[in-house]
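Below, each chain spelled out in residue letters.
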Amino acid sequence: DFEYPHTFILVGASGDLAKKKIYPTIWYLYRDNLLPEKTKFIGYARTNQSMSDVQDKCKKYMKVRPGEEEKFKKFWEANDYLSGSYDKRVNYEFLNQTITKHEKGIIANRIFYLAVPPTVFEDVTVNIKNACVSIKGFTRVIIEKPFGRDDISSEKLSNHLAGLFKEEQIYRIDHYLGKEMVQNLMTIRFANQIFSPSWNRENIASVQISFKEPFGTEGRGGYFDDFGIIRDVMQNHLLQILSLVAMEKPVSLNPNDIRDEKVKVLRHISPIKLDDILIGQYIGNPKGQGEERLGYLDDPTVPKGSVTPTYALAALHINNARWQGVPFILRCGKALNERKAEVRIQYKDVPGDIFNGHAKRNELVIRVQPGEALYLKFMCKSPGMKFDLLETELDLTYSMRYKEADVPDAYERLILDVFTGTQMHFVRNDELKEAWRIFTPVLKLLEEQHIRPLPYEFGSRGPPEADTKLSEYDFKYSGSY
Ligand code: BG6
């Protein structure tokens, strides 16, 4: 397909996501010659602006290395920008003419990236369908969360989309699925005899999947407050990781075989109970302790008295033969002490202990970011005359081992997948439905009962109560999580 003309249409081209993420990503793909040669990029949004305005806004987010200036110029020459409203068909007809002009051929493919707010989503998709689909080539649409805010709104959106496009045309991005170590999970599990047989309730005590960010919601309070950390990170990114950790081995690497298994394991998870969740919200740090940091409620874009969580811990239970009784603990938070995302598989205590309780639990840690790594914590005899136990690590830190390997950015990988038509790392409609089934009831309860999140200081490890809660789930603190 790569020899045909392609058009990448960025709808919402004047927005934040476009300038900070999508323009830089398509530039890097273009720079590295990864896209079809005849690719044209068209930005579309309401803002009336010229191509050079677009360039000016995006430039500071795009890295141009010495010697690449000429190519960068060429990239912009392959770009066009059109302003138009989101709800007027005539504007899309004009967009269609612009695309057609470039296509110069019978077979030509179109990819629409919808970087638009949920309020205009339906208008945009209907108009694309009515006025802009490719006649002989493919038309694919990439969509970003929020995919609704609960089971009902999400289903409405899904039905709307299903009325316009086939599932094979819809690419729901969860950018965590584009991350190196998340993609690595299947290989670690299914290509290693050492892990496969012990990946179960007989051997594993708990699984912890965590996400931490050292900054708050500054400037994004409006969007964030409507959704909260559970919808923003846990229900999508962390649950996707969970499904890859917990699913059974797929029949093959075919994207639908993989997604069948992901859905199946999600179906074994009962909706989260209120008892299995803890929420927090950050407050400013005390005066005189480092740089002054404001609390969530001090952000002028956040409504007064909001009870939206910026931190959450939830335990999910998978009721199947492999996992029954093993808690899967999801934890995420903003304004914490560090940036980190990782999966921590904690094994059970060794039965029949002969070391007087000194043997610590094994842990397999898969660090998603920063600094991709995989390490296995295990016990060995301390080297030397003594017969003491020592906890040590088999450490595969990518930057040490694969010095020249460049780990691609998640967005680059995923957008390229859309060009090649690979849906393996995109969320299928039924996965989304299961995700909302698991999360909607508890979100409703938290909101209806107006449950106040526990306060935690900006830059801390989260609400202290979270550690107590963790110990309820057969998780033993090993000193470094
Ligand atoms: C996004 C969330 O999906 O993921 C943001 O909306 C969050 O709130 C971001 O900051 C984190 O992505 P990454 O790749 O920086 O870990």
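Note that the structure is predicted; figures quoted are calculated from it, not measured.

This next bit is on the packing of aromatic side chains. This model, assessed by the stated rule, comprises 24 aromatic pairs. A centroid spacing of 6.4 Å and a plane angle of 50 degrees characterise the contact between tyrosine 44 and tyrosine 86, whose relative ring orientation is tilted. With tyrosine 44 in strand 2 (residues 39-45) and tyrosine 86 in the loop between strand 3 (79-83) and helix 4 (89-103), the pair connects residues that are 42 residues apart, well separated along the chain. With respect to burial, tyrosine 44 and tyrosine 86 carry one shared label: buried. An aromatic cluster is built from Phe8, Tyr23, Trp27, Tyr30, Phe41, Phe72, Phe75, Trp76, Tyr113 and Phe419, whose rings are joined through pairwise contacts.

Moving on: a nonpolar patch on the surface. A cluster of nonpolar residues, Ile354, Phe355 and Phe387, forms a patch on the protein surface that exposes about 380 Å² of accessible area. Along the polypeptide, phenylalanine 387 turns up in the loop between strand 13 (373-381) and strand 14 (389-397). Residue classification places phenylalanine 387 among the exposed positions, given a relative accessible area of 68%.

Near the ligand, the surroundings consist of Lys145, His175, Tyr176, Lys179, Phe211, Glu213, Arg220, Asp232, His237, Lys334, Arg339 and Gln369. Separating an oxygen atom of the ligand from a side-chain N or O atom of tyrosine 176 is a distance of 2.4 Å. The side chain of arginine 339 places a nitrogen or oxygen atom 3.3 Å from an oxygen atom of the ligand. Compared with its free state, where it exposes 400 Å², the ligand has 81% of that area covered by protein. Considered class by class, the residues forming the shell around the ligand number 2 nonpolar, 3 polar and 7 charged.

In the numbering used here, UniProt assigns the feature "domain: Glucose-6-phosphate dehydrogenase NAD-binding" (unreviewed entry) to residues 9-184. The distance separating the terminal C-alpha atoms of residues 9-184 is 31 Å; by composition the span is 45% helix and 16% strand.

On to empty space enclosed by the protein, then. All told, the structure shown has 5 cavities of 30 Å³ or more when counted by the stated rule. Quantified by volume, the largest cavity comes out at close to 70 Å³. Together, Lys145, Pro146, Phe147, Gly148, Tyr223, Phe227, Arg231, Gln235, Asn236, Leu432 and Trp436 line the largest cavity. Elements with a minimum of two residues in the lining of the largest cavity: helix 8 (221-246) and helix 12 (429-448). Among the elements that take part in the lining of the largest cavity, helix 8 stands out by supplying 5 residues, more than any other. Looking at side-chain class alone, the lining of the largest cavity contains 6 nonpolar, 3 polar and 2 charged residues.

What follows is about the sheet that holds strand 4 (residues 109-114). Taking strand neighbours across the sheet as the criterion, the 6 strands line up as 3-2-1-4-5-6 in an open arrangement whose pairing is parallel. At either margin of the open sheet sits one strand with a lone partner, and together these are strand 3 and strand 6 (170-172). Taking the axes of each pair of neighbouring strands and ignoring which way they run, one obtains an average angle of 20 degrees across the sheet. Pairing between strand 2 and strand 3: 5 bridges, direction parallel. Paired with phenylalanine 41 across the bridge in strand 3 is asparagine 79.

Moving on to the UniProt feature "domain: Glucose-6-phosphate dehydrogenase C-terminal" (unreviewed entry) in the protein chain. When the UniProt feature table is mapped onto this chain numbering, "domain: Glucose-6-phosphate dehydrogenase C-terminal" (unreviewed entry) sits at residues 186-477. Strand forms 23% of residues 186-477 and helix 29%; the C-alpha atoms that close the span are 27 Å apart.

What follows is about the pattern of salt bridges. This structure, assessed with the given rule, holds 31 salt bridges. With a closest N to O distance of 2.9 Å, glutamate 342 and arginine 344 form a salt bridge. A single burial state applies to glutamate 342 and to arginine 344, both of which are buried. For glutamate 434, the salt bridge is made with arginine 437, and the minimal N-O distance between the two is 2.7 Å. Pair noted here: glutamate 434 and arginine 437 are both in helix 12, with a separation of 3 residues, about one helical turn. Assessed through its relative accessible area of 13%, glutamate 434 is described here as buried. Shared partners join several salt bridges into a network, and the residues in it are Asp16, Lys19 and Lys20.

Rules and cut-offs
Counting starts from 1 at the beginning of each chain's written sequence and moves along it residue by residue. Where local features are concerned, this predicted model is filtered to residues with pLDDT of at least 70; where side-chain atom pairs are given and counted, the filter is 80 or more; whole-chain, interface and lining totals use all residues. In computing side-chain values, all of the structure's heavy atoms are included and hydrogens and water are not. Two rings belonging to Phe, Tyr or Trp (six-membered ring only in the last case) form a pair when the distance between their centres is within 6.5 Å. Interplanar angles under 30 degrees mark stacking, angles over 60 mark edge-to-face geometry, and anything in between is tilted. In this text, helices come from DSSP runs of H or I with a minimum length of four residues, and strands from runs of E with a minimum of two, each type numbered from the N-terminal end. Think of it in three bands: with a 1.4 Å probe and only protein chains considered, a residue is buried below 20% of the maximum accessible area for its type, exposed above 50%, and partly exposed in between. Patch definition: residues with relative accessible area over 30% and no salt bridge; like charges joined within 9 Å; nonpolar side chains (Val, Leu, Ile, Met, Phe, Trp, Tyr) joined within 5 Å. Note on areas: these come from Shrake-Rupley sampling with a 1.4 Å probe, and a residue is covered only by the protein chains present in the view. In what follows, salt bridge is the name for a side-chain nitrogen of Lys or Arg lying within 4 Å of a carboxyl oxygen of Asp or Glu. Whether a residue is near a molecule or strand depends on its heavy atoms: it is near if one of them lies within 4 Å of it. As used in this structure description, the phrase polar contact means that two N or O atoms lie within 3.5 Å; if the pair is within protein, one of them must be able to donate a hydrogen and the other to accept it, and residues adjacent in sequence are counted only when both atoms belong to side chains. Here the nonpolar group is Ala, Val, Leu, Ile, Met, Phe, Trp, Tyr, Cys and Pro; Asp, Glu, Lys and Arg are the charged ones; every other residue, Gly included, is treated as polar. UniProt positions are given in the numbering used here, feature names are shortened, and annotations may be inferred rather than shown by experiment. The rule is simple: put a 1 Å grid over the protein atoms alone, call a set of points where a 1.4 Å probe fits but cannot get out a cavity, call an open set with protein on both sides within 12 Å along at least five of seven lines a pocket, and count a residue as lining if it has an atom within 4 Å of a point. Grid points are joined across faces, edges and corners, and a volume is the space filled by probe spheres set on the points. Two strands qualify as a pair provided DSSP detects at least 2 bridges between them. Lines fitted to C-alpha atoms define the axes here, with helix axes fitted over just the stretch in contact, and angles between the N-to-C directions of these axes take values from 0 to 180 degrees.

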